[in-house]
Amino acid sequence: QGKMLAQLVVRDISARKRREREMRAIAAMSEALRLSESVDGIVRVLLEQSRFLLDALATMLFLRDPISGKMEGKDGLGLWEDAQKMKIYPEGPTEQELSTGEPGLFNEIDDMDPVMRDALRDGNLDNIRSLICLPLQAEGEMLGALWLGSDHRFDEEDIELLGALSKLGAAGIK
């Protein structure tokens, strides 16, 4: 009686915002597939939307050359704009993820196995704390590997989000 009461309602909307970002990225990728006349256009949108979706500092894509069978840097954004100059080294993380077909999650890259870390020497790792390497597959064929680097930790949910987007991209590239 005579006392003022206040009620505070707090909602965590981060999951909703993340879902909205995922839907925008998938819609943009679908639109790119519909409109793109080249693999380069699809690759660019895949990199842009992956970077947007996971708030990454860097993205790059390695694709297998259909003639030589060699994996080559196709394109990159952010810190990895010069992806064409990057190589895949034996015993490195890209080869490992391609051989298993499973995504790789590397948080705290400073703690990586030295051989694996050395295989990343061509890439700018300034401010990069965590990495994701996602094999790109379509119709059972290994097309390449999508890499993302960030200054924040990635998690399994990030891999799932990226997986949906990369499947669309892989279908368009194939």
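Not measured: the values here are computed from a predicted model.

Engineer: Got a sec to walk through the packing of helix α1 (residues 14-35) against helix α5 (residues 156-173)? Specific residues and values, please.
Structural biologist: As a packed pair, α1 and α5 sit with axes 9 Å apart at the nearest point and diverge in direction by 10°. Between α1 and α5, the angle falls in the class roughly parallel. Within the contact between the two elements, α1 uses R18, E22, A25, I26, M29, S30 and L33 and α5 uses E157, D158, L161, A164, L165, L168, G169 and G172. Counted by class, the contact of α1 with α5 contains eight nonpolar, three polar and four charged residues.

Engineer: An account of the sheet that holds strand β4 (residues 130-138) is needed here, citing residue identities and associated values.
Structural biologist: Strands sit in the order β2-β1-β5-β4-β3 across an open sheet of five strands; the sheet is antiparallel. Of all strands in the sheet, those with a lone pairing partner are β2 (71-78) and β3 (104-107), marking the two edges. Across this sheet, the average inter-strand angle for adjacent strands is 15°, counted without regard to direction. As defined by bridge partners, strand β1 (residues 58-64) adjoins β2 across seven bridges and the pair is classed as antiparallel. Of the residues in β2, the one forming a bridge with L61 is D75. Against the sheet, helix α3 (residues 93-100) touches β1, β2, β3, β4 and β5 (141-150), its axis set at about 135° to β5. With respect to the sheet, α5 is in contact with β1, β3, β4 and β5, its orientation differing from that of β4 by roughly 35°.

Reading the values: rules and limits
Positions within a chain are numbered from 1, following the residues in the order the chain's sequence is written. Restriction of local features to residues with pLDDT of at least 70 applies here, the model being predicted, together with a cutoff of 80 or more for giving and counting side-chain atom pairs; totals for whole chains, interfaces and linings are based on all residues. Each side-chain value is derived from all of the structure's non-hydrogen atoms; neither hydrogens nor water enter the calculation. Angular values range over 0 to 180 degrees, each being the angle between N-to-C directions of two axes fitted as lines to C-alpha atoms, with helices fitted over their stretch in contact. Helix and strand labels come from DSSP, where a helix needs a run of H or I of at least four residues and a strand needs a run of E of at least two; each type is numbered from the N terminus. Should an angle fall under 35 degrees it is taken as roughly parallel, and over 145 as roughly antiparallel, whereas 65 to 115 is taken as roughly perpendicular and any remaining angle as oblique. Pairs of residues are marked as contacts when any of their non-hydrogen atoms sit within 4.5 Å. The residue classification treats Ala, Val, Leu, Ile, Met, Phe, Trp, Tyr, Cys and Pro as nonpolar and Asp, Glu, Lys and Arg as charged. All others, Gly included, are polar. At least two bridges found by DSSP between two strands is the condition for calling them paired.

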